[in-house]
Each structure stands twice: as C-alpha cells, then as structure tokens.
There are 2 protein chains.
Amino acid sequence: MVGIKEVARAAGVSIGTVSNVLNRPEAVSEETRLRVQSVITSLGYVRSESARQLRAGSSRIMAVLVLDIRNPFFVDVASGAERAAREAGLGVMVCNSGQSAQDEADYLALFAEQRVRGVLLTPVDGSGRDLAALRAQGIAHILVDRAAASEAVCSVSVDDVAGGRLAARHLVSTGHRSIAYVGGPSGLDQVRDRRVGALTVLEEAGLGEDALVEVSAVGLDVAAGRDAGARLLGLASRPTAVFCANDLLALGVLQALFAAGVRVPEDIALVGYDDIEFAAAAAVPLTSVRQPAFAMGQQAAEMLIEETGPQSAAHRHRHVVLQPELVVRQSSMRAR
Amino acid sequence: MVGIKEVARAAGVSIGTVSNVLNRPEAVSEETRLRVQSVITSLGYVRSESARQLRAGSSRIMAVLVLDIRNPFFVDVASGAERAAREAGLGVMVCNSGQSAQDEADYLALFAEQRVRGVLLTPVDGSGRDLAALRAQGIAHILVDRAAASEAVCSVSVDDVAGGRLAARHLVSTGHRSIAYVGGPSGLDQVRDRRVGALTVLEEAGLGEDALVEVSAVGLDVAAGRDAGARLLGLASRPTAVFCANDLLALGVLQALFAAGVRVPEDIALVGYDDIEFAAAAAVPLTSVRQPAFAMGQQAAEMLIEETGPQSAAHRHRHVVLQPELVVRQSSMRAR
DNA sequence: CGGGATGATTGAATCTGTTCAACCCGGGTG
DNA sequence: CACCCGGGTTGAACAGATTCAATCATCCCG
C-alpha cells in the first residue's frame, strides 16, 4: 500500500509538503498543491489514520454506546448524534451494551484503546463505576437520556418525571382510578422516574398509593411486555389502565391482551413511552409520551464536539433537560 | 497519558517484555508477567490502538455499512455481525448509508483511512463503482443481503426471487387474481427480485402480466408506504391483495387503508417482507416473508473474519444463499 | 567440565504520518 | 548594499507500540 513517501518522491517534493497539502493546503503554493493532488489520485494514496492519530494525538471517531439498539428510540438518538458528528467531519461508532454492565465495560475499554474523541452513553446502572473510569482516563463523555448527578460531566436528558406525570394525568383525567405500571428492571433511572411522576399525579388526585399497581418486567422489549401482559391479566383486581415504561413493552402488553380477547381501550386503556414510529402503526394506535430522540442525540454530539474541540477551554459542563410531550391516540380513548 | 515506556521502567523490564506480556503472555515467565500486569493496572496503562495498528498492520475493527438503520431488519443484520465480531475479539463500526450513494462513498473512504479489517455492506446501487474501489484498495469486503455477481467477492444473501414466489403463491392460492406490488426505488436488486418472483408465479398460474399492478414508492419506509397506500386507493380497478417489498412499506400501506376505512384482510389482503418484530404487533398482524437477518449478519462476519484471519490463504470466495420462509398471519387470511 | 539446548529478556529497527525549526529566495526598506 | 520580511519548502525528531535477531542465564548430557 502506497505511503506518503512514495507520493513525495513521485511529486518531487518532501513528505512535509505532502502533509501540508493534506492538512493545511493554504500553506502550499497552488502549483505544488495541484501537482501533489494529482499524484495522490493517480497513485491511489490513502492516508493512514492510525499514523495520523499517533502523531497528532486526536482521534476522529466519536463513540455512541446505547442501551438497546433494537429499540428504535435509541436508533433515533444514534442517528441524531451521527448527523452532528458528520457535520463536524467525525466518524461515529455505534455500539450496544444491551443493558449488560459487562458489555458496557468491555466497550468502554475498547474505546479507551481507540483513544476515541469522546463517548456518548446511556449508562446501564446508576453505580457510576464506569463513569468514574472514564473520568480517570480523561475520556470526554456525555450522558444521554440520563441526567448526570455530577457537575463534572455534561448530560442531555428528557424530564422523565414530567413524562410520567403527563401519562398519568391523561389517564386520571379520563376517569381511571387504578393504573398498572409496567416497568423493566428497576435499576434504570428512566424506569424509576417515570413511575415517580405517575405516582405524584395519583397522590395529587387523592388516590391511595395502591392506585398504582406495579407489574415488573424482566426487560424493556416486546417479549418482556407480552410476559408482563399475561401476568397483568392474572391479577385479582384488574386495573382499568396500563402505563408502560416504553413502547416496546406496550406493544408486547397489547399483544398479550389481544391474545386473551381483552379489548383496548374499551376494557383496558394503554399508554406507552417514547413514541417510536411503530407506536402509531400498532394494532391499536398507541398513546405515547414522545421524546425528542433525534434532537437529544444531536445536541449531545454537539456538546461533545464543543468539549473536545479547539475552544474546549471555554467549555462549561451543563445539564440540558428537554421536555416530553403527550401524543394521544386510540389506545387510551375514553370508552364510549 | 502513560505509555508502555513508563510501564517498562516502573516494572524494571524492557518495553519488549511489556509488549510480550500484552500479546504473547506465554512467552514471559510467570513472575515477570504478574509484576508487569500489576504495574499496568496500578498505573492505569491503556495500550494505544493506533500505535499497535501502525506497527502490526492489522486493524481490529470491522465496518458494517447498511442501507437503512431505521429498518429493524438491518439492525438485526448488524447485531448478528456484531455477535460474531465480538467472539473474534473485533470491534464493529455500524454506519448507515441511508441509500445515498454519496454517503456510501464517504463512509468507504473513512473506512479506508481507518484501514478497517474489512467491510460488510449492502451496496446502494448495482453500479459496482464503490465495490471496484474497495477491490482496488485491497479492502476485504462481503456483500450482505445482495448476491454478488463477481467471483472475486463473497456474499451472503437471501433468495429474493424465492421470497417473491412464496408471497405470490400464497396470495394466488387464497384466490387473489389481481395483486399490487409496492416497491421502492427500482434501483435496488432486492426490490426487483421480489417482483420477479411474484411475476413468475402469476404467469405460472396463467394470469396475464397485468395481474401485477405496480405501485411505486419513493422509499422503503413507513412514510413511503402511507403514500403508496393512498395512491393505491385511487386506482381505477383496485387489486384485492397487496405485496410490499418490505414490512415498513406494508405498515405504511396498512395505515393508509385504515385511514380510508378499507378493511384488511376482508377488502384487501396484505403481505410484507422481512418479518420484523413489529410486523406481528401491527394493527392487523402482518403476513410476511421472513428472512434470517441475524444469521445472515453473523455468517457474513464469520466469512470476513476467515478471509482476513491467519489462514486467509485457504479462503475461497463463495456465495451463500439462504432461504426465506413465509409466515402467515391475519393480514392475508382468506375472507370468510 | 565443555557443549548444546531451552527459555527469558533485551535493544534496535520499523511502521507512517505530523510538526516545527531552519533554510532559501525574491523583494522591499533604510 | 546590508538587512529584514514572509511565503514556500525541507529535514529531522517524534508519537507508541510490535517484532525479531541477539544475548544471557540455566540446566542437562555426554
């Protein structure tokens, strides 16, 4: 594979000049620049990013580590990040922790070896162990879809408590007095916060704490939703509405209810979270709490670029909190 | 940031020994190995992948370039590839061409600079220009979800003609005589082949060529499906069944039909393609042609690893063709 | 006890770019 | 005429690892 040396020789200049053509073209006379460039294309020279990075120090790759790549919500987040990264001339490496702390740690180790420009991540658990490691290694990182507790790191998140309130207020105002909450593993802040939001609304409405019936799910995917839905049907006193921690769970619950002949929304109202594209296409179009996923990824990436760019000195850590929005569809329409 | 030199000094050995501890631990005495390893952890040393790669020549990253990351089908493909890659100790870089030839070329240029181990890709168009560039640069690559025309490259694909036949045979055998085909931009082989398969079945059934009504779509996503569905409804002689080039289109068509009060499957039967998870959760559970997406990604990655691994000399290019499978659900059940 | 085999370790060369001090050269200035 | 200036170019140092021939220490065997 042809290197910068051969290009220099073929163009009759020094390697320093070739490097300048690549990196600071304005510092090279037009004549030389054109000559070198034509040699580059005719020889098919491709610069070695590893050599560049080794000397220059900085990488051109941003890593994105999401909780669950099969959830379209995170795909949107990653797409937003990708858009911003490409505009800044960076590549992105999207990886999936699948909610496994081990996988998360493995990927972060990989990123560290790669000396990536920075990492966008939604941490698997609240322990913050991996975050501490990132800080210790001096790897820039930004939390996505999770508000940071610390002032030493940026974050972009959506107000999950507000989202939980939106969902619950909607259900309470349409007459429901007993609501099931289908949450995933409670280690996740998102799951917890949405529940807290719903709970405050029920309390404000003067309903007891047991107005919110907890139905745990083993995960946050459709299969876990189906499972939770089946258990929901087995409850002694069945709630009249279900609020799910995300749309995948809601779709699963919907399938389980359908299979059992329970009608939505007539027998049970259903509200999801995220408003993924498929929520609108569901068996019964799903009421959902919309999150600005793409914007979240985009903004997080922009903050990372600012933090690691030339004027990084001016960077101040900050916590951006975006607002969710309720989208009402058929699944929670008031029964006639 | 601490380098291998500091580790060597602190452990009282040469840098060659430290390198051996990292790469060929069996060549180092247990005592030294343990000492070096403890120094590594206590100093927080992280090897620089760019330096490693520069010297060693080979990268530890496999690139995956998919047509549309918002399509869960491709997410599955990428997940399969990721699984295989991780088992081989490789990282993956998943990128999205979004069916843009420009983006595809940009990403391939990025991969070339990175000297990635190899590329898994579903090319945007049949021109093969980018493939020629890959070959010229000596970058190993494998086509995914697309049968290669050339013997000089591996491919893993699903028999799309057979898939089209499965769908059409199912519809014909349930009594349909006029079928609409909703395809995306016809530049895509997948779209073309599925249509060809359907067509042959109609011909074999003695139906004329105009038994297949073409409804073009601007893309292969839900929005394009909605649009195509609306146009379908405007047709003078409305077909009794619709076969869509993928599930996203089918979900969009379904929404359009719903909005217009057309019942599925009573008024129009609907068949999709890919059998993504959301097909089963649709308004009316979708009949679909299932593709082994995860397996396809996994196998492609394994072939790439073989091609670029230590015994690459033994590698022979081959074209693996997997078989699709029809999954019948409510959307195409025979009307009572 | 010398010679050879074995195993651990070392030192230097190398990979491919970036960077920067030094240099060259033509033109303007005192 | 000497000097300075600045744009263009060069050459060498350098980044952080891998790799391999050479060295050294041990131990075994004849």
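Here the structure is a predicted model, which means the values were calculated and not measured.

*Asks:* Is there a simple way to think about the sheet that holds strand β12 (residues 325–327) of chain B in this case?
*Replies:* Backbone-to-backbone hydrogen bonds pair the strands of a sheet. The strands run either parallel or antiparallel. All names here are of chain B. Strand order in the open sheet formed by six strands is β7-β6-β8-β9-β10-β12, with mixed pairing between adjacent strands. Both edges of this open sheet fall to β7 (212–216) and β12, since each of them pairs with a single strand only. Taking the axes of each pair of neighbouring strands and ignoring which way they run, one obtains an average angle of 20° across the sheet. Packing of helix α11 (residues 247–259) onto the sheet brings it into contact with β6 (179–183), β8 (241–244), β9 (269–274) and β10 (287–290), and relative to β9 it is tilted by some 155°.

*Asks:* Just to check I follow, could you spell out the pairing of β6 of chain B for this structure?
*Replies:* Consecutive side chains of a regular strand alternate in pointing toward one face of the sheet and then the other. Residues and elements named next belong to chain B. Burial analysis of β6 places five of its five residues in the buried class, which makes it a mostly covered element. Burial along β6 is two-sided: the residues I179, Y181 and G183 and A180 and V182 are all buried. Bridging between β6 and β7 involves five bridges; their strand directions are parallel. Note on β7: the bridge partner recorded for A180 is V213. For the segment spanning β6, helix α9 (residues 189–204) and β7, crossover handedness is right-handed.

*Asks:* How should I be thinking about the relation of the copies chain A and chain B in this particular structure?
*Replies:* Mapping between the two copies of the chain is achieved by a rotation about an axis and a shift along the axis. The operation relating chain A to chain B is a screw motion whose rotation component is 180°, with 0.1 Å of axial translation and a residual RMSD of 0.1 Å. In symmetry terms, the pair is related by a two-fold rotation axis. Among all residues of chain A, the one whose C-alpha sits closest to the rotation axis is A283 of chain A, at a distance of 1.5 Å. Both copies share a contact surface, since 100% of the interface residues of chain A are interface residues in chain B too.

*Asks:* Any chance you could explain the packing of helix α2 (residues 15–23) of chain B against helix α3 (residues 30–43) of chain B here in plain terms?
*Replies:* Residue and element names in this part refer to chain B. Their axes nearest at 10 Å, the elements α2 and α3 cross at an angle of 90°. Classified by the angle their axes make, α2 and α3 are roughly perpendicular. Listed contacts from α3 to T17, V18, V21 and L22 of α2 are T32, R33, V36, Q37 and I40. Its residues assigned to classes, the contact of α2 with α3 shows five nonpolar, three polar and one charged.

*Asks:* Help me understand the pattern of salt bridges in this model?
*Replies:* Side chains that differ in sign of charge can pair as their charged atoms come close. Residue and element names in this part refer to chain A. In the structure shown here, the tally under the stated rule is 30 salt bridges over all chains. R165 is the salt-bridge partner of E204, the closest N and O atoms lying 3.2 Å from each other. One end of the pair, E204, is in helix α9 (residues 189–204); the other, R165, is in helix α8 (residues 160–173), and 39 residues separate them in sequence. For E204, a relative accessible area of 56% corresponds to the exposed category. By sharing partners, the salt bridges in this structure join E49, R52 and R60 into a single network.

*Asks:* Could you clarify how one ought to interpret the packing of aromatic side chains in this entry?
*Replies:* In this description, an aromatic ring pair is defined by two values, namely the gap between the centres and the angle between the planes. Inspection of the entire model under this criterion finds nine aromatic pairs over all chains. Measuring from ring centre to ring centre gives 5.0 Å for F73 of chain A and F74 of chain A, while their planes differ by 70°; the resulting arrangement is edge-to-face. With 6.3 Å between their ring centres and 40° between their planes, F243 of chain B and Y273 of chain B make a pair best called tilted. With F243 of chain B in strand β8 and Y273 of chain B in strand β9, the pair connects residues that are 30 residues apart, well separated along the chain. A relative accessible area of 2% means that F243 of chain B is categorised as buried. Taken together through their ring pairs, the aromatic side chains of Y181, F243 and Y273 of chain A make up a single cluster. The ring of Y107 of chain B is capped by R86 of chain A, whose NZ or CZ atom sits 4.8 Å from the centre of that ring.

*Asks:* Which parts of the structure should I look at to understand the protein's contact with DNA strand C?
*Replies:* Looking at DNA strand C, there are 22 residues lining it, with I4, S19 and R55 of chain A together with T17 and T32 of chain B nearest. A share of 69% is what sugar and phosphate atoms reach among the atoms of DNA strand C within 4 Å of the protein. Within the side chain of N23 of chain A, one N or O atom sits 3.1 Å away from a phosphate oxygen of DNA strand C. Within the side chain of T17 of chain B, a nitrogen or oxygen atom sits 2.8 Å from a phosphate oxygen of DNA strand C. Residue contributions to the surface near DNA strand C peak at four residues, all from helix α2 (residues 15–23) of chain A. Of the residues assigned to the surface near DNA strand C, the class counts are eight nonpolar, nine polar and five charged.

*Asks:* Looking at this structure, how should I read the interface of chain A and chain B?
*Replies:* One widely used convention gives an interface's size as the accessible area the parts lose upon coming together. Between chain A and chain B, the contact holds 45 residues from the first and 45 residues from the second. Across the chain A/chain B interface, buried area totals approximately 4100 Å², and carbon plus sulfur atoms make up 55% of it. Applying the counting criterion to the chain A and chain B interface returns six salt bridges. Residues D106 of chain A and R86 of chain B are paired through a salt bridge, measuring 3.1 Å at the closest nitrogen-oxygen approach. Taken together, the connections running from chain A to chain B amount to 18 residue pairs in polar contact (both at pLDDT 80 or more). Elements supplying a minimum of two residues to the side of chain A that touches chain B: α4 (49–56), α5 (72–87), β2 (91–96), α6 (101–114) and α11 (247–259) of chain A. Ranked by residue count, the leading element in the side of chain A that touches chain B is α6 of chain A, at seven residues. Per-class residue counts for the side of chain A that touches chain B are 25 nonpolar, nine polar and eleven charged.

*Asks:* What is the right way to read helix α8 (residues 160–173) of chain B from this model?
*Replies:* Since one α-helical turn is 3.6 residues long, residues separated by three or four positions face the same way. Compared with an ideal rise of 1.5 Å per residue, which puts 14 residues at 20 Å, α8 of chain B spans 20 Å between its outermost C-alpha atoms and is within 8% of the ideal. Within the span of α8 of chain B, buried status applies to D160, A162, G163, G164, A167, A168, H170, L171 and V172 of chain B.

*Asks:* I tried to follow the nonpolar core on my own but got confused; where do I start?
*Replies:* Within soluble globular proteins, side chains that are nonpolar tend to cluster in buried spots. L120 of chain A together with L120 of chain B are the most contacted members of the largest nonpolar core, which has 173 residues in total. Setting aside chain neighbours within four positions, we find L120 of chain B in contact with M62, A63, V64, L65, A81, I142, V144, G297, A300, A301 and L304 of chain B. By size, the runner-up hydrophobic cluster in this structure holds 40 residues, among which are V119 of chain A together with L65, V119 and A148 of chain B.

*Asks:* How do you make sense of the side chain of S97 of chain B when you look at a structure like this?
*Replies:* With respect to the secondary-structure elements, S97 of chain B resides in the loop between β2 (91–96) and α6 (101–114). Classification of S97 of chain B as buried rests on a relative accessible area of 1%.

*Asks:* Where do I start with helix α1 (residues 4–11) of chain B in this structure?
*Replies:* All names here are of chain B. The complete set of buried residues in α1 reads V7, A8 and A11. Take α1 and look down its axis: the buried residues cluster within an arc of 100°, on one side only. For α1, exposure combined with an orientation more than 90 degrees from the buried face picks out K5 and R9. On its buried face, α1 is in contact with α2 and α3. Once α1 ends, the next one or two residues include G12, with phi positive near 70°.

*Asks:* What should I look at first to understand the protein's contact with DNA strand D in this one?
*Replies:* Of all residues adjacent to DNA strand D, which total 22 residues, the nearest are T17 and T32 of chain A together with I4, S19 and Y45 of chain B. Backbone atoms, meaning sugar and phosphate, form 64% of the atoms of DNA strand D found within 4 Å of the protein. Measuring from a phosphate oxygen of DNA strand D, one finds a backbone N or O atom of S29 of chain A at 3.3 Å. Elements with a minimum of two residues in the surface near DNA strand D: α4 of chain A together with α2 and α4 (49–56) of chain B.

Rules used in this analysis
Residues numbered from 1 in each chain as written. Chains lettered and ligands numbered in written order. Predicted model: local features only at pLDDT ≥ 70, side-chain atom pairs only at ≥ 80, totals over all residues. Heavy atoms only, no water. Pairing = 2+ DSSP bridges. Helix = DSSP H or I, 4+ residues; strand = E, 2+ residues; numbered from the N terminus. Axes fitted to C-alpha atoms, helices over the stretch in contact; angles between N-to-C directions. Contact = heavy atoms within 4.5 Å. Buried < 20%, exposed > 50% of the residue type's maximum accessible area, 1.4 Å probe, protein only. Right-handed = clockwise from strand over helix to strand, strands pointing away. Least-squares fit on C-alpha atoms with pLDDT ≥ 70 in both. Parallel < 35°, antiparallel > 145°, perpendicular 65-115°, else oblique. Nonpolar A, V, L, I, M, F, W, Y, C, P; charged D, E, K, R; others polar. Salt bridge = Lys/Arg side-chain N within 4 Å of Asp/Glu carboxyl O. Phe/Tyr/Trp six-rings, centres within 6.5 Å; stacked < 30°, edge-to-face > 60°. Lys NZ or Arg CZ within 6 Å of the ring centre and 35° of its normal. Near = heavy atom within 4 Å. Polar contact = N/O pair within 3.5 Å; in protein donor to acceptor, adjacent residues only side chain to side chain. Buried area = accessible area lost by both parts, 1.4 Å probe. Expected span 1.5 Å × (residues − 1). Core = buried A, V, L, I, M, F, W, Y, C linked by side-chain atoms within 4.5 Å. Arc of directions from axis to C-beta.

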